[in-house]
Amino acid sequence: MIGPLVHSSLLRRGAAVVAVGADGEDVTGSGLHAAAAGLAARLRAAGAGPGAAVAIALPQTVGQVAALVAVLYTGADFVFVDPDQPPARNADFMAAVRPACVLGGAAGRAAEVFAGCEAEHLPVQPPLPGAVPDAEPSFTPSGYFVQTSGTTGRPKVLRVDGRALENRLRWGQGVYPLGLDDVVLSTSRPGFDFYVWELLAPLVFGAKLVLTSRLEAASAKDLLDRCVAEKATAVHFFPRMLDEFSALAAASPGGLALRWVFSGGAALPVDTLATARSALPGAVVLNQYGPAECCVDVTFLDCRTWNGGNGTSRTGTVPIGRPIDGTSVRVVDAMLRPVPPGTTGEILIGGIAAETTRVVSGQDASRPAFVALEEGGTTRTVYRTGDYGHVDEAGLLHYSGRQDTQFKINGARVDLSEVAAAVRGIDGVGDCHVYPAESGTGEVALGVVIESAELTKSECRRRLAGALPLFMVPTRIDVVERLPRTPKLEIDVAGLREMFPARGIDRARGGAPATAAPRRDGADTARTRPGAARIRPASLAEQRLIGMRQAEGRPPHQTVANHLRIRGELDLPRLEHAFRELVARHPMLRTTYAFHGDRLMAVEHERPAPDAVEIRSTTGVRDEEVLRAFVQEEFEREILRFCDPDRHSTVRAVVYRHAPDLFSLLLVLDHIAVDERSKAMLQSELAVLYRGDGAGLPAAVPYDPARLAQEFPPAREIPELVACASPPPPRILPSPDPVADPAAFTADTVRFDFGPDAPERVGRVCGRLKCTRFEFLIATFFRALKHYGGQDDVALLVPVDSRNTVEDFEAVGFFQNLMPLRSRIPADADLATVIADSKHGVRAALAYRDFPIDRVIAQFRDDSVTQARRNPIWQMLFTYSSDGVDANWRLEGLDVQDVPMWRGEVGLELHIELSDTPAGLTGSLDFARGALDNAAATRIGALWTRAVHWALEEAEALTPVR
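Owing to the predicted nature of the structure, the values given are computational and were not obtained by experimental measurement.

Looking at the packing of aromatic side chains
Under the definition given, this model contains 24 aromatic pairs. Both rings, one in Phe78 and one in Phe80, keep their centres 5.6 Å apart while their planes meet at 65°; by these two values the pair is edge-to-face. With respect to class, Phe78 is no different from Phe80; both count as buried. An angle of 50° between the planes, with centres 6.1 Å apart, marks the rings of Phe194 and Phe262 as tilted. You can see Phe194 sitting in helix 6 (residues 194-205) and its partner Phe262 sitting in strand 12 (residues 260-263), a full 68 residues away along the chain. One aromatic cluster is present, formed by Trp171, Tyr176, Phe194, Trp197, Trp260, Phe262 and Phe300 through successive ring pairs. One Lys or Arg, Arg574, reaches over the ring of Tyr690 and ends 4.3 Å from the middle of that ring. Here the guanidinium or amino end of Arg783 rests over the ring plane of Trp950, the centre of that ring lying 3.6 Å away.

Here it is, written out as structure tokens:
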């Protein structure tokens, strides 16, 4: 109802001046209505109305205001075209919006913008003498289009819904009401979303609107003079301009009538607020925050209610307050779970704006900003801002900045904002831009461009050395008299790149907790000295596992753990040395992961974390069950260490000395560092290193993603994959929601044995049936599963090794993919059919064993399934082991026994583990308690045991075995 509100407001004010252009021309309420009504009639005739868009390409005059009101009368969406933007950028904007009509922009520089636009151009003219045409305003609230920076390398175009705009206007009027005696001075450019409020609020609620030119808006002195001349009562400033304006106002007190001062567009420093309060004692300062995606503002703080800090501002900036009406704001972790007060996390926005805004173009498909979040049984759309903050004890939201301002230098964390604060604290410095860049050695170096008319480079360096640790002092310092600025008065980084092309100045992107910056060509960075790190792009397998961890409801780390009980005279110093040598041999054991922009990078550290191995003493307890429970509890605590971004290792060993001849070795490895083959290699090497024969080991082969397949055709171009995955199989197990019920994936286990003679019997019949042991055993499990679920169509996942070269078979790393297998034959089919079905399925699957499972899940799913983990293929994992890796731990002169450990949580509904060794054929079912109970899992185990013995007996009966 924005159009009707403006309509009634203008008619009510009649002959009173309602708007003044930047050129000084004014217009009355009746005059503005007459001009807008005539234009609205022509717009409607040209096709404008609800669902259409109208571009306004006019200077900041009363003509622009008339154009806006006319569009509001029609109910169409409006689009301000900023003439100061490059024509090519505006042309792309118009190509995305596709307006039905264009007001202005038919000649001069603006004509380039609409050269390829088929919209009708209409001039904005003063009303003709005589009756005002009928202009019944539309009751459809007009939305608007806005262009903002995007992460894809091109601007992002958004449509903000009229309902969100109306909510924002009504909320604002309730908090800082405008009336007939108010004057709003507009200081924003048409391309900035706050300009929408600056124009609409006075038009809707009866205040006088005063527009300013681009040059006026860039000068604090001109804005002060205009405020005094127009008796402005409300004005918006970017924080830096507020600082300059306040300083001038303090130097020439009197003449100002300001009641409301808005700050937004950047973090408001505490010192700037203090200056404004002192210089503008009659004004209320309101600090506002909101991305363009969510309609101007989503939070605010009436600074009268804030005590100026009192220990609550650890960022040096003013809180951004609480959400406006119709909006929710929360701070979440990487899995979008709420974090406690005081904890920094990503700011998430919900409510009417997040739910109704539409991204027209420029969306980053790899990381959508608008995501569905399920809470309390209801799914809502929320906006991931990429901004970070925390909520204090008073419930106020604080803005902390972007995650990508943190880097590491020589192993120490450096936040660019801290360096910038030190630079700005030097007397004679106006402002600065601190940036990370690649040094000549491939490591991160800091650079800074300083705004100062007094200081030299050497003087700046000397003063910084007295204020910062040496590693935080920028190595590249440039001093300029004035920093280039954008229309928002932010530092123009693109302008700095042009001024200093050799410096590599760029916006900090990524936030990799590393000591080296990735090269732009993706190549490896050479390691040059102790403490440096080598950066490489993550392999597809690594990306897959990290992506799984980031899914809602998934644990942030997946670990492989062993509890080794050691009896005998263990040489602790020798074991510690052997373990450190083992980690030093294999880069994957010293690799951590972080995002550089939207790209996942592997950071290979020069040295392992200092705590990669630790020796502890316990109380001397020798009872085996007590020790087992103790080490299990320790394991649960050790997992938390793998969430620490400062880690330099993906492995940790803790030795517990219970008695002089009794020890426990808890070995925890991040699953991304090892698979079963890698683990076997580490077993063998640790034994050699402990024996003291490490010099005889061959050089370790590094993990190299370049040896792995990186490009794949679409899944639907692989016939074997289509046959296996399409259409999706029916669900056989319940699929609980880990977000709504975090305990749903708490693990439980059922173990069983197929009998002492099973391994030998399986070997004999497989030879006669011409199938592998794996094909025989998985065929029997499919049969058991069909009888359990009462359906003939079942599917599961099987881990498969994706090593392809001789070097890969000698490397420690994560080479594992998951391969879907499916059976659709009747549950009671004869043995020949069962074995033939299994052989066909397993061997056909070799055609797609390298194909990334995450792409399979994404490309073969029911459209109603919105979460990957709810895909029926993504329910069961079948793991087969024939080498008994965990039974092969050896240390010279010692009795080493692997003690089984239990999982606290499973990743899927059911994990089937089968151990097929000469010692026995045993199975275990690790299941999610939200999907199965103990009785159901026990039944599956019994059905499988029965199926194995049925197959053995059938095979032995058909083909006598000697």
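Quick notes on the nonpolar core
Counting 82 residues, the largest nonpolar core has Leu43, Phe78 and Leu103 as its most contacted members. The dominant element in this core, judged by the number of residues it contributes, is helix 3 (residues 62-74), at 10 residues. Contact partners of Leu43, with chain neighbours within four places excluded, come to Ala48, Val54, Ala70, Val71, Thr74, Cys101, Leu103 and Leu122.

Brief notes about the sheet that holds strand 2 (residues 26-28)
Taken together, the nine strands give an open sheet; going across it, the order is 2-1-10-9-11-12-13-14-15, and neighbouring strands pair in mixed fashion. Each of the sheet's edge strands pairs with one partner strand only, and the pair in question is strand 2 and strand 15 (322-323). In the packing of helix 5 (residues 162-175) onto the sheet, the strands contacted are strand 12, strand 13 (284-289) and strand 14 (299-302), and the crossing angle to strand 13 comes to about 155°. Of the strands in this sheet, strand 1 (17-20), strand 9 (183-185), strand 10 (208-210) and strand 11 (234-237) touch helix 8 (residues 220-230), which is tilted by about 165° from strand 9.

Observations concerning the pattern of salt bridges
For the structure on display, the rule yields 43 salt bridges. Across the salt bridge formed by Glu355 and Arg380, the nearest N and O atoms sit 3.9 Å from each other. Highlighted residues: Glu355 in helix 11 (residues 352-356) and Arg380 in strand 20 (residues 378-391), separated in sequence by 25 residues. A relative accessible area of 48% means that Arg380 is categorised as partly exposed. Salt-bridge contacts for Arg565 lead to Glu624; the nearest nitrogen and oxygen are separated by 3.6 Å. Note that Arg565 is positioned in strand 28 (residues 559-567) and Glu624 in helix 17 (residues 624-641), a separation of 59 residues in sequence. Connected through salt bridges with shared partners, the residues Arg240, Glu244, Arg424, Asp431 and Glu451 form a single ionic network.

Each value, and the rule that gives it
- Residues numbered from 1 in each chain as written.
- Predicted model: local features only at pLDDT ≥ 70, side-chain atom pairs only at ≥ 80, totals over all residues.
- Heavy atoms only, no water.
- Phe/Tyr/Trp six-rings, centres within 6.5 Å; stacked < 30°, edge-to-face > 60°.
- Buried < 20%, exposed > 50% of the residue type's maximum accessible area, 1.4 Å probe, protein only.
- Helix = DSSP H or I, 4+ residues; strand = E, 2+ residues; numbered from the N terminus.
- Lys NZ or Arg CZ within 6 Å of the ring centre and 35° of its normal.
- Core = buried A, V, L, I, M, F, W, Y, C linked by side-chain atoms within 4.5 Å.
- Contact = heavy atoms within 4.5 Å.
- Pairing = 2+ DSSP bridges.
- Axes fitted to C-alpha atoms, helices over the stretch in contact; angles between N-to-C directions.
- Salt bridge = Lys/Arg side-chain N within 4 Å of Asp/Glu carboxyl O.

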